[in-house]
Amino acid sequence: KMTGLLDCNNFYVSCERVFDPCLNNRPVAVLSNNDGSCISRSNEFKALNLPKRIPHYILKDYAEKLNIAFRSSNYCLYGDMSNRVMRILQGMVPQIEQYSIDESFFHMNFADDFNYEEFGTEIRKKVLRWTGIPCGIGFAKTKTLAKIANHIGKKQPSGIFVMPENHLPLLKELPLTEVWGISWRLEKQLKAYGINNAGDLAECESFDIKKKFNVLMAQTVLELQGVPAVPFEEFNGSVKQIAFSRSFCKPTTSADHIRESVLHYTSIAASKLRTLNEAASFIYIYAYYTAEYLKDRKLPGGHCGHVIGFPIPLTEHLSMTKYIIPAIRNIIVPGRRAMKTGVVLFELTPSDKNNLDLFEQPDEKNLILAETMDKLNYKYGRNTIFTAGEGIKRPWTMKQEYLSRRFTTNWNEILEIE
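1. Brief notes about the overall build of the protein
Counting secondary structure elements, the protein contains 15 helices and 14 strands. By the compact-globule yardstick of 22 Å for 418 residues, the protein fits well, its C-alpha radius of gyration being 24 Å. When its C-alpha atoms are laid out on the principal axes, the protein stretches across 65 × 60 × 60 Å. Sequence-distant contacts in the protein: of pairs separated by 6 or more residues, those separated by 24 or more amount to 68%. In the form shown here, the protein has an accessible surface area of approximately 23000 Å², with 52% of it arising from carbon and sulfur atoms.

2. Description of a nonpolar patch on the surface
Residues Trp411, Ile414, Leu415 and Ile417 make up a contiguous nonpolar surface patch of about 480 Å² in total accessible area. Counting through the fold element by element, Ile414 comes out in the segment after helix H15 (364-380). Overall, the relative accessible area of 37% leaves Ile414 in the partly exposed class.

3. Re the sheet that holds strand S6 (residues 103-108)
Two pairing modes exist for strands in a sheet, parallel and antiparallel, and in both the strands are linked by backbone hydrogen bonds. The five strands are arranged S5-S6-S1-S7-S8 in an open sheet whose pairing can be described as mixed. Because the sheet does not close on itself, it has two edges, and the strands there are strand S5 (95-100) and strand S8 (160-162). The mean inter-strand angle of the sheet, taken between neighbouring strand axes irrespective of direction, is 15°. Here strand S7 (residues 135-140) runs beside S8; their pairing, made up of three bridges, is parallel. Paired with Phe139 across the bridge in S8 is Val162. Packing of helix H5 (residues 75-90) onto the sheet brings it into contact with strand S1 (2-8), S5 and S6, and relative to S5 it is tilted by some 155°. In this fold helix H6 (residues 116-131) packs onto S1, S6, S7 and S8, with an angle of close to 155° to the strand it touches most, S7.

4. Comments concerning the nonpolar core
Of all hydrophobic cores here, the largest spans 34 residues; its most connected members are Leu6, Phe11, Phe106, Ile123 and Phe139. Sorting the residues of this core by element identifies S1, helix H1 (11-19), strand S2 (28-31), H5, S6, H6 and S7 as the ones contributing at least two each. Discounting chain neighbours no more than four positions away, the residues touching Ile123 are Leu6, Leu89, Met92, Val93, Phe106 and Ile137. Judged by nonpolar contacts, the second largest core, of 30 residues, contains Leu263, Tyr265, Ala327 and Trp396.

5. What to know about the environment of Lys46
Along the polypeptide, Lys46 turns up in helix H2 (residues 43-46). The exposure class assigned to Lys46 is partly exposed, which follows from its relative accessible area of 35%. Through-space distance from the C-alpha of Lys46 to that of Val28 is 9.2 Å; in sequence the pair is 18 residues apart. Look past the residues within four positions of Lys46 in its chain and what remains in contact with it is Asn10 and Arg41.

6. Describing the packing of aromatic side chains
Taken as a whole, this structure holds 18 aromatic pairs when the rule is applied. With a centroid separation of 5.6 Å and an interplanar angle of 65°, the aromatic rings of Tyr193 and Phe213 are classed as edge-to-face. Of the two residues, Tyr193 is situated in the loop between helix H9 (184-192) and helix H10 (198-202) and Phe213 in the loop between helix H11 (206-212) and helix H12 (215-224); the sequence distance between them amounts to 20 residues. Using a relative accessible area of 18% as the deciding quantity, one classes Phe213 as buried. Judged by centre distance (6.4 Å) and plane angle (80°), the ring pair of Phe248 and Trp396 falls under edge-to-face. Placement of Phe248 in strand S9 (residues 241-252) and of Trp396 in the segment after H15 is noted, with a sequence separation of 148 residues between them. We classify Phe248 as buried; its relative accessible area is 3%. In this structure, Lys143 packs its charged tip against the face of Phe105, placed 5.0 Å from the ring centre.

7. Let's talk about the packing of H5 against H6
It is at 10 Å that the axes of H5 and H6 come closest, and there the two elements cross at 140°. The orientation of H5 with respect to H6, classified from their angle, is oblique. Crossing geometry of H5 relative to H6 is assigned as right-handed. When H5 is examined against H6, the residues Met81, Arg84, Val85, Ile88 and Leu89 are found in contact with a partner set consisting of Ile123, Lys126, Val127, Trp130 and Thr131. When grouped by side-chain class, the residues that make up the contact of H5 with H6 number seven nonpolar, one polar and two charged.

8. What to know about H12
Along H12, the residues that are buried comprise Met217, Ala218, Thr220, Val221, Glu223 and Leu224. Buried residues belonging to H12 abut helix H7 (143-153), helix H8 (168-172), H9, H10 and H11. At the N-terminal end of H12, a side-chain oxygen is found 3.2 Å from the backbone nitrogen of Leu216, two or three residues along, and the residue is Asn214. In the segment just after H12, Gly226 is the residue with positive phi, at about 95°.

9. Quick word on H5
Quick reminder: α-helices carry 3.6 residues per turn. Residues three or four places apart thus point the same way. The end-to-end C-alpha separation of H5 is 22 Å, in line with the 22 Å expected for 16 residues at 1.5 Å each. All of the buried residues along H5 are Leu77, Tyr78, Asp80, Met81, Ser82, Val85, Met86, Ile88 and Leu89.

10. Quick word on the pattern of salt bridges
Scanning the model with the defined rule gives 16 salt bridges in all. A salt bridge links Glu103 to Lys147, with the nearest nitrogen and oxygen atoms 3.0 Å apart. Of this pair, Glu103 sits in strand S6 while Lys147 sits in helix H7, and the two are 44 residues apart along the sequence. Comparing Glu103 with Lys147 shows no difference in burial state: the two are buried. The salt bridge involving Glu165 is made with Lys141; its shortest N-O contact spans 3.0 Å. Taken together, the positions of Glu165 in the loop between S8 and H8 and Lys141 in the loop between S7 and H7 put the pair 24 residues apart, joining distant regions of the chain. Each of Lys172, Asp200 and Glu203 takes part in salt bridges that share partners, so that together they form one network.

Here is what the cut-offs are and how they apply
Residues numbered from 1 in each chain as written. Predicted model: local features only at pLDDT ≥ 70, side-chain atom pairs only at ≥ 80, totals over all residues. Heavy atoms only, no water. Helix = DSSP H or I, 4+ residues; strand = E, 2+ residues; numbered from the N terminus. Rg over C-alpha atoms; globule rule 2.2 N^0.38 Å. Contact = heavy atoms within 4.5 Å. Areas by Shrake-Rupley, 256 points an atom, 1.4 Å probe, with all protein chains shown as cover. Patch = residues over 30% accessible without salt bridge, like charges linked within 9 Å, V, L, I, M, F, W, Y side chains within 5 Å. Salt bridge = Lys/Arg side-chain N within 4 Å of Asp/Glu carboxyl O. Buried < 20%, exposed > 50% of the residue type's maximum accessible area, 1.4 Å probe, protein only. Pairing = 2+ DSSP bridges. Axes fitted to C-alpha atoms, helices over the stretch in contact; angles between N-to-C directions. Core = buried A, V, L, I, M, F, W, Y, C linked by side-chain atoms within 4.5 Å. Phe/Tyr/Trp six-rings, centres within 6.5 Å; stacked < 30°, edge-to-face > 60°. Lys NZ or Arg CZ within 6 Å of the ring centre and 35° of its normal. Parallel < 35°, antiparallel > 145°, perpendicular 65-115°, else oblique. Left-handed = near helix turned anticlockwise from the far one by under 90°. Nonpolar A, V, L, I, M, F, W, Y, C, P; charged D, E, K, R; others polar. Polar contact = N/O pair within 3.5 Å; in protein donor to acceptor, adjacent residues only side chain to side chain. Expected span 1.5 Å × (residues − 1).

That is the geometry; function is a separate question.
Quick look at the structure:
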């Protein structure tokens, strides 16, 4: 059995380049929320030898001189392009396990003489031809080794690497921080025991590592030795919770901004809930506050949250709102600056299998209205129709100075070719 890993190259940047060829062969950086720091960088940008996640405000004045192009995070575009890549992969392999928005493991069980490099090349060509997204692929006997193989493959002209049977010499050249799950803090602890590279770790006894560290580190040792220890978890379509959060464009003390944002994020999360045919029994709402430095003391930052239980599992935000609005006061700290709010829907159950209470029934009118709003927003774009409680002007929304169009999910923003 072999495990493969497909990882898209500089995914956010690659998505932008598909629809804007002017970004090719120049330094490009996609920015984090509120255009804060560079989170996805093109190879040309990396060649400038600038620090990772360098803040945008530092580079802003030098962008023209260095020919740098900035883009704000376009989550609608990236999510849709990710789905397209994963659907292509799903049609070519028996099982996939999507690990993140731009990478996915896939499980294979072919004959010993199967040509994995040729098959990997076929996958890469198909993904590039059908989506325009370049990717690298690594094959190995375990997920941890597949991660390493993918890292090596991205540096090969072919973009493919198959981990050999005798992979210890390769691991001897690999820093510990290149191993899946090992941070620089953990690297310091390992080096204190004389483990200086991935090869040294692979030569350890998993039982000894378990006693000195934990079970996860023992699993990593087995994986580096070629023994599968991290289970393969095929996504079956069910989710345990739905979360949505965003930072404000700047910290705010306004209770109205907190209330509007919470109701807006509830609407978005509930819309996702309906697409999955699920209902939620609880919602967790929260606000995250900045640290405050006063003359005589420091007020630490942190989040203030509140759990709300619904009488029956709900699928639409219109009914949720009447329980959320009275509870929002529990997450507002007067005089403190909130920098972020969010919601989490949990205790999900299939919407068609709810055990309804004898005295509580879902509001059919609200459900029909919410589904109608979904159809309008799908056809004409998100926020075409919404409740007044979500705010009209929304001055609190994220700063997205360099936002590109939602080319694949909004008819009004579809690509135009002259």
